[in-house]
Structure formats: structure tokens, C-alpha cells
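# Coordinate inspection notes
Spelled out from the first residue to the last, the chains are:
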Amino acid sequence: MAIRIVIADDHAVVRRGLRTLLELDPEIEVIAEAADGREAIELAHRLEPDVVVMDLFMPGTDGVTATQLIRQDLPKTEVVALTSVLEGTSVTNAVQAGAIAYLLKDTRSDNLCQAIRAAAAGQVQLAPNLVERLLRELPLPRHMPLESIEQTMLIMLAEGCTNAQLAAQLDVDESEARACIDRLLRKLQLRSRTQAALYAQQVGLLTG
């Protein structure tokens, strides 16, 4: 089954270009386009896509706000943040809002497609230098007691494991594995798996 995508960008030429590039990948299906954050929110609620490719800087309701509201209401929909500039707080704001990945618009098409496939699989991918920056700048909850299985899930998220790998570890199907992760995120008051992976780093669960 193809990964169902909504593209959100205020420039029609960018949306057309992204659609053309993404539809070259047989695993990806662009099901709708949004011209601003408000429309992205409406389409996400109506269509429940697997991934929203979200421009962060749009007039009216911006991409950060739209990401936060989509992740709040639709935990099964992941957001890949996409922007043309590496503005000072844009990475932190996007991740804090709940984006699972952050890419520049000049990213190669194959890298964008790979990021979308990883997002749909629930796989966190963060460059080491980005981890260091986010740990400095992103407010994360204080360390709280966790059960052994919760610690295992956090470690697996931080190591970039997919929903299928998490399901195998938990001995459940993928739907239940996602539900387990959602419960853990709510417990930690986090909006995304990316934040959970950073939390695992912060509290010292990773030894490598």
C-alpha cells in the first residue's frame, strides 16, 4: 500500500514540483495539496494521511502551528518539516511542535522520499550535530520513573527502529505498537517520536 501524502506549501510552483518528484516514487501517493496551514489542518483531519510534508513559513496559520495541531489530534499522521532557510529557531520549533523530520527544500529528491518512507514507518532519523543542538535548545521533561518496557521502547526509538521492529520486540501487531508509543508519549508529555528519542539521550538511556 502506498504512503499517503499531503503537501503543504504556500507557493503553487513548489507544490507542483514536489508532487512531480514524489509521484516518481511508486511507494508514495500525493492525495492532496494545501496552500496554507489552515488548509493543511483541514485536509489532515478529513483525509488522515500517513505523512504531511509541511512548509514552516506560510502566511496566516504557519507550518509550526499546523504541525502542532495535526500531531495533537492525529497521532498516526507524521509531519516532515520542509523549509528553504535554516532560520535560528526553526528546527527547534518544528521538533517541539511534533515534526519527526526536518529537511531543507534543496534536499535531493531521493533523500526526501527516504525521509517520507522513514516517517511513515515511525523511524526517527537525526544527524549527530542536530541532536546536540536540540538537546541544548529544546525543553524536555524531567526524568521520571519508567517501566522496563518503556525504557526499551525509548531506546529503540532513539536507535531509529521502525514500527515493525518495535512490534516484533513487544510481540504485538504494528497497530498496537503504535498505540503503546502514543501512550508513552502522553505519559512523558511529548508530541513526537523525535522528542522521545532526544529524551532517551537526555536521561542517559543510550550507552553507545
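The structure contained in this document is the topic of the report that follows. (Residues numbered from 1 in each chain as written. Predicted model: local features only at pLDDT ≥ 70, side-chain atom pairs only at ≥ 80, totals over all residues. Heavy atoms only, no water.)

## A word on the overall build of the protein chain
Across its full length, the protein chain carries 10 helices and five strands. A globule of 208 residues ought to have a C-alpha radius of gyration of about 17 Å, and the protein chain, at 16 Å, matches this closely. Counting across all 208 residues of the protein chain, residues that qualify as buried make up 47%. Within the protein chain, counting contacts between residues at least 6 apart in sequence, those at least 24 apart form 67% of the total. Of the accessible surface of the protein chain, which amounts to about 10,100 Å², a share of 49% is contributed by carbon and sulfur atoms. (Helix = DSSP H or I, 4+ residues; strand = E, 2+ residues; numbered from the N terminus. Rg over C-alpha atoms; globule rule 2.2 N^0.38 Å. Buried < 20%, exposed > 50% of the residue type's maximum accessible area, 1.4 Å probe, protein only. Contact = heavy atoms within 4.5 Å. Areas by Shrake-Rupley, 256 points an atom, 1.4 Å probe, with all protein chains shown as cover.)

## Concerning unusual backbone geometry
Backbone geometry places Glu48, a non-glycine residue, at a positive phi of 45°. Positioned with a positive phi, Asp171 is a non-glycine residue whose angle comes to about 60°. By the secondary structure assignment, Asp171 is in the loop between α8 (163-170) and α9 (174-188). Assessed through its relative accessible area of 70%, Asp171 is described here as exposed.

## Some points on the sheet that holds strand β5 (residues 101-104)
As summarised here, the arrangement of the five strands in space is β2-β1-β3-β4-β5, forming an open sheet in which the pairing is parallel. Each of the sheet's edge strands pairs with one partner strand only, and the pair in question is β2 (28-34) and β5. Averaged over all adjacent pairs, the angle separating strand axes in this sheet is 25°, with direction ignored. Across four bridges, strand β1 (residues 3-8) lies against strand β3 (residues 51-55) in parallel orientation. Directly across from Ile5, in β3, lies its bridge partner Val51. Along the sheet face, helix α1 (residues 12-22) touches β1, β2 and β4 (78-83) and points at about 170° away from the line of β2. (Pairing = 2+ DSSP bridges. Axes fitted to C-alpha atoms, helices over the stretch in contact; angles between N-to-C directions.)

## Notes on α9
The first and last C-alpha atoms of α9 sit 21 Å apart over 15 residues, in line with the 21 Å expected at 1.5 Å per residue. Residues of α9 that are buried: Ala177, Cys180, Ile181, Asp182, Leu184, Leu185 and Leu188. Along its buried surface, α9 packs onto α3 (63-73), α7 (148-158), α8 and α10 (193-202). (Expected span 1.5 Å × (residues − 1).)

## Remarks on the packing of α9 against α10
Where α9 meets α10, the closest approach of the two axes is 10 Å, and the angle between their N-to-C directions is 65°. In this structure, α9 meets α10 at a crossing whose hand is left-handed. Counted together, Arg178, Ile181, Leu185 and Leu188 of α9 and Arg193, Ala196 and Tyr199 of α10 form the full contact between these two elements. The class makeup of the residues in the contact of α9 with α10 is five nonpolar, no polar and two charged. (Left-handed = near helix turned anticlockwise from the far one by under 90°. Nonpolar A, V, L, I, M, F, W, Y, C, P; charged D, E, K, R; others polar.)

## Describing the environment of Ala167
Checked against the element boundaries, Ala167 lands in helix α8. In this structure, the C-alpha to C-alpha distance between Ala167 and Ala177, residues 10 residues apart in sequence, is 5.1 Å. Ignoring any residue separated from it by four or fewer positions in sequence, one finds Ala167 in contact with Val172, Asp173, Glu174 and Ala177.

## Things to note about the pattern of salt bridges
Note that side chains of opposite charge can pair when their charged atoms are close. All chains considered together, the criterion is met by 14 salt bridges. A salt bridge links Arg117 to Asp25; the nearest nitrogen and oxygen atoms lie 2.4 Å apart. Residue Arg117 is found in helix α5 (residues 109-120), and its partner Asp25 is found in the loop between α1 and β2; the two are separated by 92 residues along the sequence. Since its relative accessible area comes to 12%, Asp25 is described here as buried. The salt bridge partner of Arg38 is Glu42, with a shortest N-O separation of 2.9 Å. Taken together, the positions of Arg38 and Glu42, both in helix α2 (residues 37-47) and four residues apart, correspond to about one turn of that helix. Residue class for Glu42 comes out partly exposed when judged on its relative accessible area of 44%. Connected through shared salt-bridge partners, Arg15, Arg19, Glu23 and Glu33 make up one network. (Salt bridge = Lys/Arg side-chain N within 4 Å of Asp/Glu carboxyl O.)

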